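Here's the letter readout for the chains.
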Amino acid sequence: MLLLALETSCDETSAAVVRDGKVLSNIVSSQIKLHAEYGGVVPELAAREHLKNLLPVAQAAFSEAGISAPQLDAVAATQGPGLGIALLIGFKAAQSAAFALNRPFIGINHHEAHLYSPWIASGRDASVAGLPSADFSAFQPNVSLIVSGGHTMLVLVESELKHRVLGGTIDDAAGECFDKTGKLMGLAYPAGPVIDRLAEQGNPKAYDFPRPLLHDANDDFSFSGLKTSVRYFIRDHPALLDDPQKNRDLCASVQAAIVEVLVKKTIRAAKREGVRCITASGGVTCNRTLRNELALACKKNGFTLRLAEKSLCTDNAAMIGILAERKLLAHAPLPALDAEIKPGWALV
Ligand code: KG4
Ligand code: ZN
């Protein structure tokens with residue numbers, strides 16, 4: 001089955017061509033530089049960029065896959081959640097293409113797609129050399145951590161296409177916490193990767209920040225209090241920002257607080273749910289300390305760990321296409337021709 005997938009839910013314009021579980025192409029055009037100037041994603045600008053870039057990105061995906069539109073068996077797009085005016089662009093383009101080609105159209109929940117991105121592997125594990133490939137033969141029930149700029153959640157994935165959300169953030173997401181504390185320190189947006197780099201030579205024990213909800217008997221997260229305590233800490237120690245080593249220590253200490261909460265709550269949920277596998281995806285999963293700490297904790301507790309590859313942690317159409325193909329094969333219900341986007345589509 002040959003499938004085109006489009007993803008425009010936030011600030012990445014992406015098109016992927018997928019065939020029988022293999023990612024033939026996955027083109028991502030990121031708008032990070034455009035939004036950096038404003039310190040966050042500006043929806044109107046994002047929509048204009050998607051409009052400008054979508055067809056060239058899709059054309060590049062076709063060309064890299066060596067296919068043309070009439071060969072497609074189906075078309076998919078992200079239906080939600082995300083920024084309404086951004087979602088509309090990829091969703092309506094994909095729906096129109098499916099209509100014109102008289103092929104099935106699949107609307108995908110972006111977070112559900114994140115759940116399966118850790119099962120896409122390239123390199124050694126790929127069944128076709130060099131092409132990333134979904135490895136569902138290795139699938140095991142798992143607890144999945146989705147951690148990005150907009151979302152932090154733990155999901156029990158009982159079997160393929162069957163999941164239940166265990167908990168989520170009640171205020172700021174982990175990525176938002178990285179970005180907002182970075183902004184307080186005067187770091188460029190998005191601050192997550194900058195903090196990751198600076199923390200490498202910092203002391204994570206230099207400053208003690210709260211670990212919100214760490215010991216609460218639920219799978220929810222809250223990071224706004226941590227951000228506020230960093231704000232007060234900087235207010236009370238303004239000279240600290242002029243000292244490069246103290247800056248690095250601050251980055252390492254904030255990062256340690258975020259990572260400890262994410263790792264401990266993920267491990268606890270997996271133990272309680274009785275699964276033997278943990279997966280993680282979303283932009284913050286690029287964080288090296290989070291990757292290392294998850295790996296250590298999984299090893300210590302006997303869990304298999306599947307982290308999404310870094311290029312598939314951030315938003316991409318490959319994960320949309322891989323899930324859409326599974327849904328078509330499983331005869332999941334398809335959206336009607338006049339289906340609308342669902343900007344607030346919560347995973348349940
Ligand atoms: O998944 P993503 O690309 O977009 C959505 O929010 O959906 O995630 C972006 C987030 C930003 O908050 C960014 O700061 C964070 O992921 N991020 C990181 C790292 N790379 C990206 N946070 C910490 N360490 C990183 N290396
Ligand atoms: Zn995402």
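1. A look at the overall build of the chain
And then number 1: When its secondary structure is counted, the chain shows 11 helices and 12 strands.
And then number 2: Taken against the 2.2 N^0.38 rule, which gives 20 Å for 348 residues, the C-alpha radius of gyration of the chain at 20 Å falls within 12% of a compact globule.
And then number 3: In terms of overall dimensions, the chain has C-alpha extents of about 65 × 45 × 35 Å along its principal axes.
And then number 4: Classification of the 348 residues of the chain by burial places 53% in the buried group.
And then number 5: Sequence separation of at least 24 residues holds for 73% of the intrachain contacts in the chain that already meet a minimum separation of 6.
And then number 6: Accessible surface, the chain as shown: approximately 14700 Å² in total, 55% of it carbon and sulfur.

2. Focus: unusual backbone geometry
And then number 1: Looking along the chain, the bond that leaves Gly80 and enters Pro81 is cis, with omega of -10°.
And then number 2: Tracing the chain through its elements places Pro81 in the loop between strand 4 (74-80) and helix 3 (84-101).
And then number 3: Residue Pro190 follows Tyr189 across a cis peptide bond; omega there is -10°.
And then number 4: Assignment of secondary structure puts Pro190 in the loop between helix 5 (174-184) and helix 6 (191-199).
And then number 5: The phi dihedral of Leu161 is positive, around 70°, even though this residue is not glycine.
And then number 6: By the secondary structure assignment, Leu161 is in the loop between strand 9 (152-159) and strand 10 (162-168).
And then number 7: With a relative accessible area of 30%, Leu161 lands in the partly exposed category.

3. Notes on the layout of surface pockets
And then number 1: One number sums up the size of the largest pocket: a volume of about 1300 Å³.
And then number 2: For the largest pocket, the lining is made up of 49 residues, of which Cys10, Ser148, Gly149, Gly150 and Tyr189 are closest to its centre.
And then number 3: It is helix 5 that provides the largest number of residues to the lining of the largest pocket, a total of 6 residues.
And then number 4: Of the pockets and cavities examined, the second largest pocket occupies roughly 620 Å³.
And then number 5: If you trace the second largest pocket, you find 25 residues lining it, with Val259, Glu260, Val263, Thr289 and Glu293 closest to the centre.
And then number 6: Ranked by residue count, the leading element in the lining of the second largest pocket is helix 8 (residues 244-273), at 10 residues.
And then number 7: For the lining of the second largest pocket, the class distribution of residues is 9 nonpolar, 5 polar and 11 charged.

4. Points about the sheet that holds strand 8 (residues 142-147)
Whenever strands of a sheet pair, they do so through backbone hydrogen bonds, lying parallel or antiparallel.
And then number 1: Pairing within the open sheet is mixed, and its 5 strands lie in the order 10-9-8-11-12. The sheet terminates laterally at strand 10 and strand 12 (304-307), the two strands that pair on one side only. Strand-to-strand twist of the sheet, defined as the mean angle between neighbouring strand axes without regard to direction, takes the value 20°.
And then number 2: Along the sheet, helix 9 (residues 288-301) makes contact with strand 8, strand 11 (277-281) and strand 12, crossing strand 12 at roughly 160°.

5. Focus on helix 9
And then number 1: In this model, helix 9 (14 residues) spans 20 Å end to end at C-alpha, consistent with the 20 Å of a helix rising 1.5 Å per residue.
And then number 2: Every buried residue belonging to helix 9 is among Leu290, Arg291, Leu294, Ala297 and Cys298, and all of these are buried. Take helix 9 and look down its axis: the buried residues cluster within an arc of 140°, on one side only. In helix 9, those exposed residues whose orientation departs by more than 90 degrees from the buried face are Leu296, Lys299 and Lys300.
And then number 3: The N-cap of helix 9, judged by a side-chain oxygen 3.1 Å from the amide nitrogen of Thr289 a few residues on, is Asn287.

6. Structural notes on the pairing of strand 10
And then number 1: As paired elements, strand 9 and strand 10 share 6 bridges and run antiparallel to each other. The partner of Val155 across the bridge, within strand 10, is Val165.
And then number 2: Here strand 9 hands over to strand 10 after 2 residues, with Leu161 in that stretch at a positive phi of 70°.

7. Brief notes about the environment of Gln245
And then number 1: Looking at the secondary structure, you find Gln245 in helix 8.
And then number 2: What makes Gln245 partly exposed here is its relative accessible area of 32%.
And then number 3: Spatially, the C-alpha atom of Gln245 lies 9.8 Å from that of Ala199, the residues being 46 residues apart in sequence.
And then number 4: Contact partners of Gln245, with chain neighbours within four places excluded, come to Gln201 and Gly202.

What counts, and where the lines are drawn
Residues numbered from 1 in each chain as written. Chains lettered and ligands numbered in written order. Predicted model: local features only at pLDDT ≥ 70, side-chain atom pairs only at ≥ 80, totals over all residues. Heavy atoms only, no water. Helix = DSSP H or I, 4+ residues; strand = E, 2+ residues; numbered from the N terminus. Rg over C-alpha atoms; globule rule 2.2 N^0.38 Å. Buried < 20%, exposed > 50% of the residue type's maximum accessible area, 1.4 Å probe, protein only. Contact = heavy atoms within 4.5 Å. Areas by Shrake-Rupley, 256 points an atom, 1.4 Å probe, with all protein chains shown as cover. 1 Å grid on protein atoms, 1.4 Å probe; cavity = no way out; pocket = protein on both sides within 12 Å on 5 of 7 lines; lining within 4 Å. Points joined across faces, edges and corners; volume = space filled by probe spheres on them. Nonpolar A, V, L, I, M, F, W, Y, C, P; charged D, E, K, R; others polar. Pairing = 2+ DSSP bridges. Axes fitted to C-alpha atoms, helices over the stretch in contact; angles between N-to-C directions. Expected span 1.5 Å × (residues − 1). Arc of directions from axis to C-beta. Polar contact = N/O pair within 3.5 Å; in protein donor to acceptor, adjacent residues only side chain to side chain.

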